[in-house]
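This is what each chain is made of:
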Amino acid sequence: MDVLIHIFVGLHIIGIAALLGGFLTQMKAMGRGAARFTPAMLHGALTMLVTGAVLVGLNQAQDYSVDNVKIGVKLAVLIVILGLVYVKRDEEKVDKPLFGLVGVLTLVNVFIAVLWT
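Here goes a summary of the coordinates provided.

Conventions and cut-offs
- Residues numbered from 1 in each chain as written.
- Predicted model: local features only at pLDDT ≥ 70, side-chain atom pairs only at ≥ 80, totals over all residues.
- Heavy atoms only, no water.
- Salt bridge = Lys/Arg side-chain N within 4 Å of Asp/Glu carboxyl O.
- Buried < 20%, exposed > 50% of the residue type's maximum accessible area, 1.4 Å probe, protein only.
- Helix = DSSP H or I, 4+ residues; strand = E, 2+ residues; numbered from the N terminus.
- Contact = heavy atoms within 4.5 Å.
- Polar contact = N/O pair within 3.5 Å; in protein donor to acceptor, adjacent residues only side chain to side chain.
- Axes fitted to C-alpha atoms, helices over the stretch in contact; angles between N-to-C directions.
- Parallel < 35°, antiparallel > 145°, perpendicular 65-115°, else oblique.
- Left-handed = near helix turned anticlockwise from the far one by under 90°.
- Nonpolar A, V, L, I, M, F, W, Y, C, P; charged D, E, K, R; others polar.
- Phe/Tyr/Trp six-rings, centres within 6.5 Å; stacked < 30°, edge-to-face > 60°.
- Lys NZ or Arg CZ within 6 Å of the ring centre and 35° of its normal.

**Digging into the pattern of salt bridges**
Tallying each qualifying case throughout the model produces one salt bridge. Here Glu91 and Lys88 are joined by a salt bridge, their closest N and O atoms 3.4 Å apart. By relative accessible area, which is 33% here, Glu91 ends up partly exposed.

Now the structure itself:
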């Protein structure tokens, strides 16, 4: 079961990389006001949602400690990210503040995962 948990942690990190990487590749375009949400960003956020839910279930099945408040906060942040990316996914360009918010919230989610113990 631990191997399965590690596989899903790896997939979760790949989702974070897709979301954050999509944001970082659009930074130059954001400066010009031409940034857009890429499919990689949407798929990364969806991957994070699915693998995060699976990780919680697998950890609870193993009777490992799960901080439900931390998971709830991370889920709330991810739902905001996912909602913004999903709604604006087809637009040719996204406003700078909105696009920047997705990047900041992604980093917030990463730091909650790493620093909240």
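**Let's talk about the environment of Lys74**
With respect to the helices and strands, the residue Lys74 is situated in helix α4 (residues 68–87). For the pair Lys74 and Val3, spaced 71 residues apart in sequence, the C-alpha separation works out to 23 Å. Ignoring anything within four residues of it in the chain, the contact list for Lys74 reads Asn109, Ile112 and Ala113. In terms of polar contacts, Lys74 uses its side chain to reach the side chain of Asn109, at 3.3 Å.

**Quick word on the packing of helix α3 (residues 39–61) against α4**
Interhelical geometry of α3 versus α4 gives an angle of 160° and a closest axis separation of 9 Å. As judged from the angle between their axes, α3 and α4 are roughly antiparallel. As α3 packs across α4, the resulting crossing turns out to be left-handed. Facing α3, whose interface residues are Met41, Leu42, Ala45, Leu46, Met48, Leu49, Val56 and Gln60, α4 presents Asn68, Ile71, Leu75, Leu78, Leu82, Val85 and Tyr86.

**Digging into the packing of helix α1 (residues 2–25) against helix α5 (residues 96–115)**
The geometry of α1 relative to α5 is characterised by a closest axis approach of 10 Å and an angle of 145° between their N-to-C directions. The two elements α1 and α5 cross, and the hand of that crossing is left-handed. Here Ile16, Leu19, Leu20 and Phe23 of α1 come into contact with α5, specifically with Phe99, Gly100, Val102, Gly103, Thr106, Leu107 and Val110. Its residues placed into classes, the contact of α1 with α5 shows eight nonpolar, three polar and no charged.

**Structural notes on the packing of aromatic side chains**
Applying the stated criterion across every chain, the model contains two aromatic pairs. Taking the centre distance of 5.1 Å and the plane angle of 25° together, the rings of Phe23 and Phe99 count as stacked. With Phe23 in helix α1 and Phe99 in helix α5, the pair connects residues that are 76 residues apart, well separated along the chain. This pair shows no difference in class: Phe23 is buried, exactly as Phe99 is. Plain terms: the ring middles of Phe37 and Phe99 are 5.3 Å apart, the flat faces sit at 25° to each other, and that makes the pair stacked. One end of the pair, Phe37, is in the loop between α2 (27–32) and α3; the other, Phe99, is in helix α5, and 62 residues separate them in sequence. Residues Phe37 and Phe99 agree in their burial class; the two are buried. Each member of the aromatic cluster is reached from another via a ring pair, and the members are Phe23, Phe37 and Phe99. Over the aromatic face of Tyr86 sits the side chain of Arg89, whose NZ or CZ is 3.9 Å from the ring centroid.

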